[in-house]
Amino acid sequence: MGCTASVFMAGRRKKLSIPEIAVFVPSMRVPVQSNLQRALKGLVPRDLVDRLSALRNQILLLAEDTDGSAANELTQALEEYLTLVIGLTKKEQSLEESVEFKWKNLGDGRQEAAVVNSWFELLSIIHMMAMVTLSEANSLLIPKDHSGSEVRTVSADCKRDAVDLLLKASGYLDFCIREVLVRIPPELKERLPKDLQGGVLEATYIQALGQGTEIQLGLAVESQKASLSVKRRLACEQLTYFSQAHTCLSECDLSHGYGKKQLLFIKWKYLEAKAASYYYHGVIFDKGSEPSCHVSAVCCFLAAEELLAESTKACLSFCLADPVSRIPPLWGVMKYLYQKIPEVASRKSQTYGYLLEQEKALQTLPDLPEFQLSLRPDDYELPEIDPAWDRGKGEIESQTLKEHLKDYEDEIES
């Protein structure tokens, strides 16, 4: 899903499929097998270690076998694993630096990080939960029978469900920034994969809010009850979200695999949002009776038309950036605006052409209004720690910490 190219097994050969993207998924990182039994021997009950190891391996196999698309199964395994990993972060357990946790990128299989810190593992789990959720939203917005169609048709229910998923994913990422990153020592933060840096996480969660607002605008366009003011507000809010996301990501190190493509995606969506904002701003101006209102309206329509052309080029640049993705069909609000903006810009320019000549001093593009942003990330809190941590206090194998460390050194020497 997302930017990760779908890989299907046919015998021993892999067939590469170029994905189509509705919701951008920066990356999907998966755990690499780690020897938890050796690292936690004598520190944690054996059955608890076995569950940790089994769930971690299950997550890896599920992700690799389905390319991250088995959202329900992956989410269930991740949530169960999370309740166990929370125990490793508790100070009273003194296990924060007991295991070297390894993760890799699902797309290219490279091992990106190996960090001896339980908070890193917790960060990686919640980040993966966010990526799975974004992938699920992407799936909802791409019908299975869409191939060959120049227009994407998505039901209103799927759009609403996708908005809920985007807010959920945004909540996961916001939690990572506020509650998890701050617990990782500075020297370890420098070794984190680029897509786990605070600026990238922030840009991604704001981007998700922008896409949620874009879908809401599309629903408003389809509704007879939504006023022009509501549509303009949603378009301007969408513009603000993507502007903020672009600023955040521009300040980050974009040398990681999906950084440059993500920035191109945000730029494309920013231009679309700005075109929509000026279009609805112009429609509201055009309701006025003064000549200056019509002049301002035409300026808005012409700006929207120019921005629409720029967004088309930006879309192509995004799709051609590595990893390559398909040029998406029109859907949602842009399906409407790609037809409406050129038509209205042409018609209004002809109708009010004489005013543009007479009122040359008024031919300035009016500022867009600013609105308080409506969408917020969902609130997320860690689940309760697995009860097995309490039950297992008296079940630890009889081995002291000193003996455990000695065994570990002996194994390294051998």
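Provided above is the structure to which this section pertains.
I will try to describe carefully the structure that is included in this document. All values reported here derive from a predicted model rather than from experimental measurement. (Residues numbered from 1 in each chain as written. Predicted model: local features only at pLDDT ≥ 70, side-chain atom pairs only at ≥ 80, totals over all residues. Heavy atoms only, no water.)

**Quick look at helix α9 (residues 259-285)**
Side chains of residues three or four places apart in an α-helix project in the same direction, reflecting 3.6 residues per turn.
Then, number 1: Here α9 spans 39 Å end to end across 27 residues, near enough to the 39 Å set by a 1.5 Å rise per residue.
Then, number 2: Most of α9 sits out of view: 20 of its 27 residues are buried. (Helix = DSSP H or I, 4+ residues; strand = E, 2+ residues; numbered from the N terminus. Expected span 1.5 Å × (residues − 1). Buried < 20%, exposed > 50% of the residue type's maximum accessible area, 1.4 Å probe, protein only.)

**Side note on a nonpolar patch on the surface**
Then, number 1: The grouping of L316, L320 and I327 at the surface amounts to a nonpolar patch, some 310 Å² of accessible area in total.
Then, number 2: Following the sequence through the fold, I327 ends up in the loop between α10 (291-320) and α11 (332-351). (Patch = residues over 30% accessible without salt bridge, like charges linked within 9 Å, V, L, I, M, F, W, Y side chains within 5 Å. Areas by Shrake-Rupley, 256 points an atom, 1.4 Å probe, with all protein chains shown as cover. Salt bridge = Lys/Arg side-chain N within 4 Å of Asp/Glu carboxyl O.)

**Thoughts on unusual backbone geometry**
Then, number 1: Cis rather than trans, the peptide bond between D322 and P323 has omega equal to -5 degrees.
Then, number 2: With respect to the secondary-structure elements, P323 resides in the loop between α10 and α11.

**Comments concerning a negative patch on the surface**
Then, number 1: Together, D161, D164, D378, D379 and E381 make up a negatively charged patch on the protein surface.
Then, number 2: Counting through the fold element by element, D379 comes out in the loop between α12 (353-358) and α13 (388-391).
Then, number 3: You can call D379 exposed: its relative accessible area is 80%. (Lys, Arg positive; Asp, Glu negative; His and termini not counted. Charge placed at Lys NZ, Arg CZ, Asp CG, Glu CD.)

**Regarding the packing of α9 against α11**
Then, number 1: Two numbers describe how α9 lies on α11: the axes approach to 11 Å, and their chain directions differ by 55 degrees. Judged by the inter-axis angle, α9 sits oblique to α11. Judged by the twist between their axes, the crossing of α9 over α11 is left-handed. On the side of α9, the interface is formed by E272, A275, A276, Y279 and Y280, while α11 contributes V333, M334, Y336, L337, Y338, K340, I341 and V344.
Then, number 2: The class makeup of the residues in the contact of α9 with α11 is 11 nonpolar, no polar and 2 charged. (Axes fitted to C-alpha atoms, helices over the stretch in contact; angles between N-to-C directions. Parallel < 35°, antiparallel > 145°, perpendicular 65-115°, else oblique. Left-handed = near helix turned anticlockwise from the far one by under 90°. Contact = heavy atoms within 4.5 Å. Nonpolar A, V, L, I, M, F, W, Y, C, P; charged D, E, K, R; others polar.)

**Thoughts on helix α2 (residues 46-66)**
Then, number 1: Here α2 contains 21 residues, and its C-alpha end-to-end distance of 30 Å stays within 8% of the 30 Å for a straight helix at 1.5 Å per residue.
Then, number 2: Those residues of α2 not exposed but buried are L48, V49, L52, S53, L55, R56, I59, L60, L62 and A63.
Then, number 3: Summarising the contacts, the buried residues of α2 are in contact with β3 (29-32), α1 (36-40), α3 (71-89), β4 (101-105), α4 (118-140) and α13.
Then, number 4: Looking one or two residues beyond α2, the residue adopting positive phi is D67, at roughly 60 degrees.

**Looking at the pattern of salt bridges**
Then, number 1: A full pass over the atoms with the stated rule returns 16 salt bridges.
Then, number 2: Across the pair R51 and D386 runs a salt bridge whose closest N-O atoms are separated by 3.0 Å. You can see R51 sitting in helix α2 and its partner D386 sitting in the loop between α12 and α13, a full 335 residues away along the chain.
Then, number 3: Relative accessible area serves as the criterion here: at 9%, D386 is assigned to the buried category.
Then, number 4: D157 is paired through a salt bridge with R160; the nearest N and O atoms lie 3.4 Å apart. Residue D157 and its partner R160 are located together in helix α5 (residues 156-180), separated by 3 residues, close to a single helical turn.
Then, number 5: Assessed through its relative accessible area of 53%, D157 is described here as exposed.
Then, number 6: Each member of the salt-bridge network shares a partner with another, and the members are R51, E80 and D386.

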